[in-house]
Amino acid sequence: MANLVLVLFCAGLLLCVFTGKSVLYALFFGLAMFLLYARKQGFSVPELREMSLSGIKTAKNVIINFIFIGMLTASWRSAGTIAVIVCSFTKFIKPDVFLLMAFLLCSGVSFLTGSSFATAATMGVICTTMGNTMGISLVLSGGAVISGCYFGDRLSPVSTSALLVSEITKTNLFDNLKLMARDSIPACAATSLIYLVMGFVIKRGDGGLDLEEIFSRDFSLSPIAVLPVIVLLAMAFKRCNMKLTMGVSILTALPICILVQHRSAAEAAITLWSGFKTHDPQLAAMINGGGIASMIRLMVILCLASAYSGIFRETGMLKGLKSIVEKMARRLTPFGATYITASLAAAVSCNQTLDIFITQQLCEDLYSEPGDFMISLEDSCILSAAYWPWNIAAATPLASVGAPNAAILAAVYLFAIPISRWIRVAIKAKVTAKA
């Protein structure tokens, strides 16, 4: 019966994907199905409530961080922080090195914001627009942008996915970031080299955008606007609490909104909830967004996915699948099994958060060390969610930059990280076996 319930849940997800309905319908349907299954197994109503809440409690700190991240991205937009950074960095983009610079610039913005969606909607839009003026294919420019978007989504101290993985594996966020940074070096080098070579090989034209003219319509491009970023990086380097760090950065940005960008105090406060909005159509496509309201959908998805994890754990619904994963791990190494599981889970879960929870439930017994499990989740779930054009992890950035689905195949970083790790793990397993 458990397998039938899971099949019905997957069918509901795919139905939402192909009909264009919100994935939330399928997630609520799944919650109802899983609760009914647990009830049929003999669990009482109070037990059902407790197992659902136990999962949600696991993610409560992440939900709070979602609120801070929404306010942070809104305040940075309103203060002109994003505008100044974008205008400063895009001066270095030249046609020959466009793909490499698009990857690096989007990596920088995603590291600062911790959001692939925010990066795609800001620097990503700018990079693909500039690529169009240079005659560069949207497949290639879109791939470079998505690669950069997921650099920070995996590695930023304000990334919601990094916070979630550290929470469910009970590991320290800053220790995780150090380990991931070291783990990323070969893949980042390979990705940069591939984009550099491609930049000299592909056909292109000339052109560009006067970004300073565009942004100066609504912003004073004062260097002081970068201060919220400096504060955040300094406090993150000192390993301060991330809620405190983001809070101080937000409080640093608000006076800049009022004194430098000449917005009213009421407007600055409202922006924290509803996000930044400008009435200039060209500028709006690049900079609008952020705010607590923009995170509500993600928070609902996280709560539902967290409730699933509690139900799965107590009812043992995934035992049949876990035995398959364990057999796969013996043949392909634990990471190989985790990567394949995460990739398939991403295809049916339609969002990164549920992919993480499903993979955690299926693969956690493969690892004895929390740190090993953490890096395996980071090197699989966080990236494989963007492999499928119907998963919001891919669909949202693609829609933001106007790139076709084929751009996923040009997102070298998404594949370089797991491949490089799988190779290292396989070599280590062979050496250990011979010893």
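Details of the structure are given in the entry above.
Rules behind the numbers
Residues numbered from 1 in each chain as written. Predicted model: local features only at pLDDT ≥ 70, side-chain atom pairs only at ≥ 80, totals over all residues. Heavy atoms only, no water. Disulfide = S-S within 2.5 Å. Helix = DSSP H or I, 4+ residues; strand = E, 2+ residues; numbered from the N terminus. Expected span 1.5 Å × (residues − 1). Bend = angle between axes of the 7 residues up to and from the residue. Phe/Tyr/Trp six-rings, centres within 6.5 Å; stacked < 30°, edge-to-face > 60°. Buried < 20%, exposed > 50% of the residue type's maximum accessible area, 1.4 Å probe, protein only. Core = buried A, V, L, I, M, F, W, Y, C linked by side-chain atoms within 4.5 Å. Contact = heavy atoms within 4.5 Å. Salt bridge = Lys/Arg side-chain N within 4 Å of Asp/Glu carboxyl O. Polar contact = N/O pair within 3.5 Å; in protein donor to acceptor, adjacent residues only side chain to side chain. Patch = residues over 30% accessible without salt bridge, like charges linked within 9 Å, V, L, I, M, F, W, Y side chains within 5 Å. Areas by Shrake-Rupley, 256 points an atom, 1.4 Å probe, with all protein chains shown as cover. Axes fitted to C-alpha atoms, helices over the stretch in contact; angles between N-to-C directions. Parallel < 35°, antiparallel > 145°, perpendicular 65-115°, else oblique. Nonpolar A, V, L, I, M, F, W, Y, C, P; charged D, E, K, R; others polar.

Participant: Give me the lowdown on the state of the cysteines, citing residues and values where you can.
Facilitator: Under the definition given, this model contains 0 disulfides. Cysteine C106 remains unbridged, with the sulfur of C127 as its closest cysteine sulfur at 4.2 Å. A disulfide-free cysteine, C303 has its sulfur positioned 19 Å from the sulfur of C16, the nearest such atom.

Participant: Outline helix α17 (residues 319-349), listing residues and values.
Facilitator: In a regular helix each residue adds 1.5 Å, so 31 residues correspond to 45 Å; α17 covers only 18 Å between its end C-alpha atoms and thus falls short of that length. Where α17 bends most, at L332, the angle is about 125°, and the proline P334 comes one to four residues later.

Participant: Before we move on, could you go through the packing of aromatic side chains and cite the residues and values that matter?
Facilitator: The tally for this structure, following the rule as stated, stands at 14 aromatic pairs. Ring plane angle 80° and centroid distance 5.9 Å describe the contact between Y339 and W422, whose orientation is recorded as edge-to-face. Here W422 lies in helix α22 (residues 412-434) and Y339 lies in helix α17, a separation of 83 residues in the sequence. Among the residues examined, Y339 registers a relative accessible area of 12% and is labelled buried. Ring geometry for Y387 and F415: centres 4.7 Å apart, planes at 15°, overall stacked. One end of the pair, Y387, is in the loop between α20 (381-384) and α21 (392-401); the other, F415, is in helix α22, with 28 residues separating them in the sequence.

Participant: So what about the nonpolar core? Which residues, and what values?
Facilitator: Membership of the largest hydrophobic core comes to 147 residues, with the highest contact counts inside it found for L27, F34, F98, L211 and F215. Per element, the largest residue contribution to this core is 10 residues, and it comes from helix α6 (residues 98-113). With sequence-adjacent residues up to four places away left out, F34 is seen in contact with V5, L6, F9, Y308, I311, F312 and M317.

Participant: Explain helix α16 (residues 296-315) residue by residue, including any values.
Facilitator: In this model α16 runs 29 Å from its N-terminal to its C-terminal C-alpha over 20 residues, within 8% of the 28 Å that 1.5 Å per residue would give. Trailing α16 by a residue or two, G316 shows a phi angle of about 70°, which is positive.

Participant: I'd like to hear about the pattern of salt bridges, residue by residue, with values.
Facilitator: Within this structure, the stated rule accounts for 8 salt bridges. Here D183 makes a salt bridge to R424, at a shortest N to O gap of 2.1 Å. Within this pair, whereas D183 is found in helix α10 (residues 173-201), its partner R424 is found in helix α22, the two being separated by 241 residues in sequence. Exposure remark for D183: the relative accessible area of 9% places this residue in the buried category. Among the ionic contacts, a cluster of salt bridges with common partners joins R154, D183, D379, R421 and R424.

Participant: Before we move on, could you go through the side chain of T278 and cite the residues and values that matter?
Facilitator: Among the secondary structure elements, T278 is positioned in the loop between α14 (265-274) and α15 (281-287). Reaching out from T278, the side chain makes a polar contact with the side chain of D218 at a distance of 2.6 Å. In this structure the side chain of T278 is engaged in a polar contact, spanning 3.4 Å, whose partner is the backbone nitrogen of D280. In contact with T278, other than residues within four places in its own chain, are D218, L283, A284, I287 and N288.

Participant: I'd like a rundown of a nonpolar patch on the surface, residues and numbers included.
Facilitator: Residues I419, I423, I427 and V431 make up a contiguous nonpolar surface patch of roughly 380 Å² in combined accessible area. Tracing the sequence through the fold places I419 in helix α22. Note on I419: relative accessible area 46%, which makes it partly exposed.

Participant: Account for the packing of helix α1 (residues 2-19) against helix α2 (residues 23-40), naming residues and giving values.
Facilitator: Two elements in contact, α1 and α2, have axes whose closest approach is 8 Å; the angle formed by their N-to-C orientations is 170°. Judged by the inter-axis angle, α1 sits roughly antiparallel to α2. Here A2, V5, L6, L8, F9, G12, L13 and C16 of α1 come into contact with α2, specifically with V23, Y25, A26, L27, F29, G30, M33, F34 and Y37. Residue composition of the contact of α1 with α2, grouped by class: 15 nonpolar, 2 polar and no charged.

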